[in-house]
Amino acid sequence: MTEQVPQKADPESLQHAAEVAAVLAVLQSGPPLATATRAISVVLKAPGKLVLAVLAGILKYKPGKKSPIGGTRPEDAAKKGNRRYRAAYLINAIKRLAEAPDLKAALAREKTLFTAHKKASTRRIEAAKTSGKLSDITGNSTLGWGGVLDNRTTPDCRWLIGKNYDVANPPEGLHPGGRHPKCRCFPAPPFPGKPVVTTLPAQL
Ligand SMILES: [Zn+2]
């Protein structure tokens, strides 16, 4: 999971969370490319050349302040989450390039990874919308985590399936169907007597 925003409280994750917050602040304020490059280069202690390669070459960075995301729909929260994922992607991409023996090949690979990142962003929003719709239709703010259990089910989805979640606060901010590229989970009417989960266990 190259773009995950870790939430565990170990020093490395805290460092990562601080970097995500700082990079997010730069991206949101939308300074000119040269300023954004310098700021992120300082925050990440990374060569400006690599920051510029990702900002301009992969993200197609455009200056301009990002308007705050208002609204209380599940998809609004998903959009806010996506901005953090974008910042995390940028950080990880720069680190991958810094470690790559062949920069040109690494940049080509990065384009593929960014396409996958964008698909994941869309998937998270679509999943949030689906949750919101079912919540509206059924009048339930709590829904059931439905899914398919077989040998392809991931441990996190396996753990979630059959439990309930709060549409306004799903575990890790991710709705059923939005956890993985091939997540086959879906929102369902709440399962009576089953727990409402807001986080995942640290170990799965
Ligand atoms: Zn799933």
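Quantities reported herein were computed from a predicted structural model and do not represent experimental measurements. (Residues numbered from 1 in each chain as written. Predicted model: local features only at pLDDT ≥ 70, side-chain atom pairs only at ≥ 80, totals over all residues.)

## Considerations on the domain arrangement of the chain
One can read the domain layout of the chain as domain 1 (11-129) and domain 2 (140-197). Look at where the C-alpha atoms of domain 1 and domain 2 centre, and you get two points 27 Å apart. Contact residues are listed per partner, giving 8 residues for domain 1 and 8 residues for domain 2. Breaking the side of domain 1 that touches domain 2 down by element, the ones donating at least two residues are helix H4 (74-99) and helix H5 (103-138). (Domains from an automatic or database assignment. Contact = placed C-beta atoms within 7 Å. Helix = DSSP H or I, 4+ residues; strand = E, 2+ residues; numbered from the N terminus.)

## Topic: the environment of Ile58
By the element assignment, Ile58 lies in helix H3 (residues 48-58). Excluding anything up to four places from it in sequence, Ile58 contacts Ala93, Glu110, Lys111 and Phe114.

## A look at the environment of Arg124
For Arg124, the location among the structural elements is in helix H5. Overall, the presence of 24 C-beta atoms within 10 Å leaves Arg124 in the buried class. Spatially, the C-alpha atom of Arg124 lies 9.1 Å from that of Gly173, the residues being 49 residues apart in sequence. (Buried ≥ 20, exposed ≤ 12 C-beta atoms within 10 Å, placed from the backbone.)

## So, the nonpolar core
Counting residues in hydrophobic clusters, the biggest one holds 22 residues, and the most contacted among them are Val23, Val54, Ala87, Leu90, Ile91, Ala93 and Ile94. At the level of elements, helix H1 (11-29), helix H2 (33-44), H3 and H4 are the ones that each hand at least two residues to this core. If one sorts the elements of this core by residue count, H4 sits on top with 9 residues. Leaving out residues up to four positions away in the same chain, Ala87 has contacts with Val20, Val23, Leu24 and Leu27. (Core = buried A, V, L, I, M, F, W, Y, C linked by C-beta atoms within 7 Å.)

## Overview of the packing of H3 against H4
Where H3 contacts H4, the axes come no closer than 9 Å and their chain directions differ by 125 degrees. In terms of orientation, H3 and H4 fall into the oblique class. Relative to H4, H3 is oriented so that their crossing is right-handed. Here Leu50, Val51, Ala53, Val54 and Ile58 of H3 lie close against H4, whose contacting residues are Leu90, Ala93, Ile94, Leu97 and Ala98. Here the contact of H3 with H4 is built from residues that sort into 10 nonpolar, no polar and no charged. (Axes fitted to C-alpha atoms, helices over the stretch in contact; angles between N-to-C directions. Parallel < 35°, antiparallel > 145°, perpendicular 65-115°, else oblique. Left-handed = near helix turned anticlockwise from the far one by under 90°. Nonpolar A, V, L, I, M, F, W, Y, C, P; charged D, E, K, R; others polar.)

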